[in-house]
Amino acid sequence: MVQNEIRDLVIKHARLSADVSVLTDRSDLYAAGLTSLTTVNLMLALEDHFDIEFPDRMLVRRTFGSIQSLAEAVEALKAS
Amino acid sequence: MREPALQPERESLSTLLGRVHDLGREAIAPHAEAVDREGRFPEEAFRALKEARLLSCYVPTELGGMGLNIADLSKLCEVLAGYCGSTAMIFAMHQIQVACIVHHALGSATFRDYLRDLVRHQYLLASATTELGIGGDVRSSLCAVAVADGRFTLEKQAPVISYGEAADAILVTCRSSPEAGRSDQSHVLVRKEGCVLKPLSGWDTLGFRGTCSSGFTLTAEGAAGQILPVPYAEIHAKTMHPFSHIVWSSLWTGIAADAVARARSFVRAEARKTPGTLPPSALRLAEVDTALFSMRAGVQQAVAEYLQLLTGEDPEAFESNYGFALRINNLKVVSSQLIIDIVGRAMLICGISGYRNDSKFSLCRQLRDAYGAALMVNNDRILGQSSTMQILQREG
């Protein structure tokens, strides 16, 4: 499942302040401590892991808001 | 009164720029390397630009063009340069010639008809200003136009006519009559069917190789109505000088922006290898972006002032306006230096990948093109003129 792979990357690279064990796919990552600067680490890790590149239009708060929204973005990029 | 650049019912600038990006990706970028290597005219690019009706984009809408203004055109040149510097340079030079007609010859039925034809057939216009024996001083001519019985004849030894062979017509500077002094110049529209080009020299250069700026002896004849109806001095002050430096600086900014974008992709790829720690080159990227910011700001400032003078009420806005002429000279000198600085720094960021010809981060063509900017109208000549104007100018 893409969601599980993303969860591992979030735990490793997003430097969240909240307890990562209670994160659901729909949890608000920004509320859990994600910032615009730590988004960079997460983005780079996702790009490397899935061999994708986020275009400018997807580098928005909405994309990084939750594990679910990231999964949708990754699926879309892998399909294109 | 300042009119909006685009009428609401027409395509917005962002839609148009989106179309130009598509065209750049599909029809220009794939051939840029071959155009550069072979030093050939970018025919695929111009076929696409003509299909998109972009050669008449500066022609007023009432004559069938898009009616873009200098601000729109500046953006267009910048975008095109990100795909192929030579294509953007030819496009910019063509628009300068169109602007000379649009700004100075709309009072003539001949030229209004010519612009309608240009819209219909998407004619490409070239320029012959420099001359053997004169060098780069475009405000002096040796050759002269002679008029008899409603016809003109003209012969010019031109060391450089960019894309002279591919053009449909050439605007030529010359003395206004065989008796006139060197700086008493006219501007003549020479149509290809009324002209013979005898090669003088080729164009095997470091950069901007696709502009095919060979030298020719140009022998021409045509109707006297093809002579622009105002002295070249006026055309030079209001159009040739400011318009050229603005569109050139715009496309140089596009080349610099392309180099920074490549450096950014490179840094991003490096950063992916070490999540959590940014590579040292990221700092250099942030730094070079500040230079690009200054370069673009210079262009935008010049565009804004030029647009204001063009659309203002003062018919003598460009006459002895040393302050404006100086700022345009400053724009040219600064942009032509910044392009080398920025592309060079982008190459340092990309390292050997930028130095290679066969890498997706290659900046070789961009760096070679960059070195041409200070030479086309040599910066020393411009600074020489500026030093005189510095003494004359009264304002800050």
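Residues numbered from 1 in each chain as written. Chains lettered and ligands numbered in written order. Predicted model: local features only at pLDDT ≥ 70, side-chain atom pairs only at ≥ 80, totals over all residues. Heavy atoms only, no water.

### A closer look at the overall build of chain B
On a plain count of helices and strands, chain B comes out with 11 helices and 7 strands. Computed over its C-alpha atoms, the radius of gyration of chain B comes to 21 Å, within 12% of the 21 Å expected for a compact globule of 396 residues. Its C-alpha atoms put chain B at 80 × 50 × 50 Å along the principal axes. Here chain B, with 396 residues, has 56% of them falling under the buried criterion. Counted over contacts in chain B with a minimum sequence separation of 6, partners at least 24 positions apart contribute 75%. When the accessible area of chain B is evaluated, it comes to approximately 17,000 Å², of which 54% is carbon and sulfur surface. With 39 positive and 42 negative side-chain charges, chain B shows a separation of 5 Å between the mean positions of the two kinds. (Helix = DSSP H or I, 4+ residues; strand = E, 2+ residues; numbered from the N terminus. Rg over C-alpha atoms; globule rule 2.2 N^0.38 Å. Buried < 20%, exposed > 50% of the residue type's maximum accessible area, 1.4 Å probe, protein only. Contact = heavy atoms within 4.5 Å. Areas by Shrake-Rupley, 256 points an atom, 1.4 Å probe, with all protein chains shown as cover. Lys, Arg positive; Asp, Glu negative; His and termini not counted. Charge placed at Lys NZ, Arg CZ, Asp CG, Glu CD.)

### A look at the sheet that holds strand β6 (residues 195-201) of chain B
All names here are of chain B. With antiparallel pairing, 4 strands are arranged side by side in an open sheet as β2-β3-β7-β6. Edge positions in the sheet fall to β2 (146-148) and β6, since each has one partner strand and no second. When the angles between neighbouring strand axes are averaged without regard to direction, this sheet yields 10°. Relative to strand β7 (residues 215-223), β6 is paired through 6 bridges, and the arrangement is antiparallel. Residue Pro199 lies in a different strand from β7, and its bridge partner there is Phe216. (Pairing = 2+ DSSP bridges. Axes fitted to C-alpha atoms, helices over the stretch in contact; angles between N-to-C directions.)

### Observations regarding the environment of B:Glu193
All names here are of chain B. Mapping Glu193 onto the fold places it in the loop between β5 (185-191) and β6. With a relative accessible area of 63%, Glu193 lands in the exposed category. It is 13 Å that separates the C-alpha atoms of Glu193 and Ala166, two residues lying 27 residues apart in sequence.

### Remarks on the interface of chain B and chain A
In this complex, chain B contributes 5 residues to the contact, which on the side of chain A involves 9 residues. Taken together, the two surfaces of chain B and chain A that pack against each other cover about 760 Å², and 54% of this comes from carbon and sulfur. Of all residues in chain B, the largest losses of buried area upon contact with chain A belong to B:Arg268, B:Arg272 and B:Pro275, amounting jointly to 72% of the total for that side. At the surface where chain B touches chain A, the tally comes to 3 salt bridges. Across the salt bridge formed by A:Glu47 and B:Arg272, the nearest N and O atoms sit 2.7 Å from each other. (Buried area = accessible area lost by both parts, 1.4 Å probe. Salt bridge = Lys/Arg side-chain N within 4 Å of Asp/Glu carboxyl O.)

### Section: the sheet that holds strand β4 (residues 169-175) of chain B
Adjacent strands of a sheet form backbone hydrogen bonds with each other and so pair up, either parallel or antiparallel. Residues and elements named next belong to chain B. Spatial strand order, β1-β4-β5: 3 strands in an open sheet with mixed pairing. Looking at the sheet topology across the chains shown, the edges are occupied by β1 (125-128) and β5. Adjacent strand axes in the sheet meet at a mean angle of 25° when their direction is disregarded. Pairing analysis gives 4 bridges linking β1 to β4, with the strands arranged parallel. Note on β4: the bridge partner recorded for Ser127 is Leu171. Against the sheet, helix α5 (residues 109-121) contacts β1, β4 and β5, and its axis sits at roughly 45° relative to β5.

### Overview of the nonpolar core
Among the nonpolar cores identified, the biggest contains 127 residues, and B:Leu54, B:Leu76, B:Phe91, B:Trp248, B:Leu251 and B:Trp252 are the most heavily contacted of them. With 17 residues, the top contributor of residues to this core is helix α6 (residues 232-273) of chain B. Not counting residues within four places of it along the chain, the set of residues in contact with B:Phe91 comprises B:Phe46, B:Leu49, B:Leu54, B:Leu55, B:Cys57, B:Leu73, B:Leu76, B:Cys77 and B:Leu80. Counting residues in hydrophobic clusters, the runner-up holds 28 residues, among them A:Leu42, A:Met58, A:Phe64 and A:Leu77. (Core = buried A, V, L, I, M, F, W, Y, C linked by side-chain atoms within 4.5 Å.)

### A closer look at the domain arrangement of chain B
Residue and element names in this part refer to chain B. Domain boundaries assigned for chain B yield domain 1 (13-124), domain 2 (126-226) and domain 3 (232-392). Using only C-alpha atoms to locate each centre, domain 1 and domain 3 end up separated by 20 Å. Residue-level contacts link 26 residues of domain 1 with 28 residues of domain 3. Linking domain 1 with domain 3 are 2 salt bridges. Across the salt bridge formed by Arg368 and Asp36, the nearest N and O atoms sit 2.5 Å from each other. Between domain 1 and domain 3 we count 5 residue pairs in polar contact (both at pLDDT 80 or more) in total. Residue assignment for the side of domain 1 that touches domain 3 shows that the elements contributing at least two residues are α1 (13-38), α3 (70-81) and α4 (85-104). Tallied by class, residues from the side of domain 1 that touches domain 3 come to 16 nonpolar, 8 polar and 2 charged. (Domains from an automatic or database assignment. Polar contact = N/O pair within 3.5 Å; in protein donor to acceptor, adjacent residues only side chain to side chain. Nonpolar A, V, L, I, M, F, W, Y, C, P; charged D, E, K, R; others polar.)

### Section: the environment of B:Gly207
Residues and elements named next belong to chain B. Examined against the element boundaries, Gly207 turns out to sit in the loop between β6 and β7. What makes Gly207 buried here is its relative accessible area of 10%. In this structure the C-alpha to C-alpha distance between Gly207 and Arg365, which are 158 residues apart in sequence, comes to 7.0 Å.

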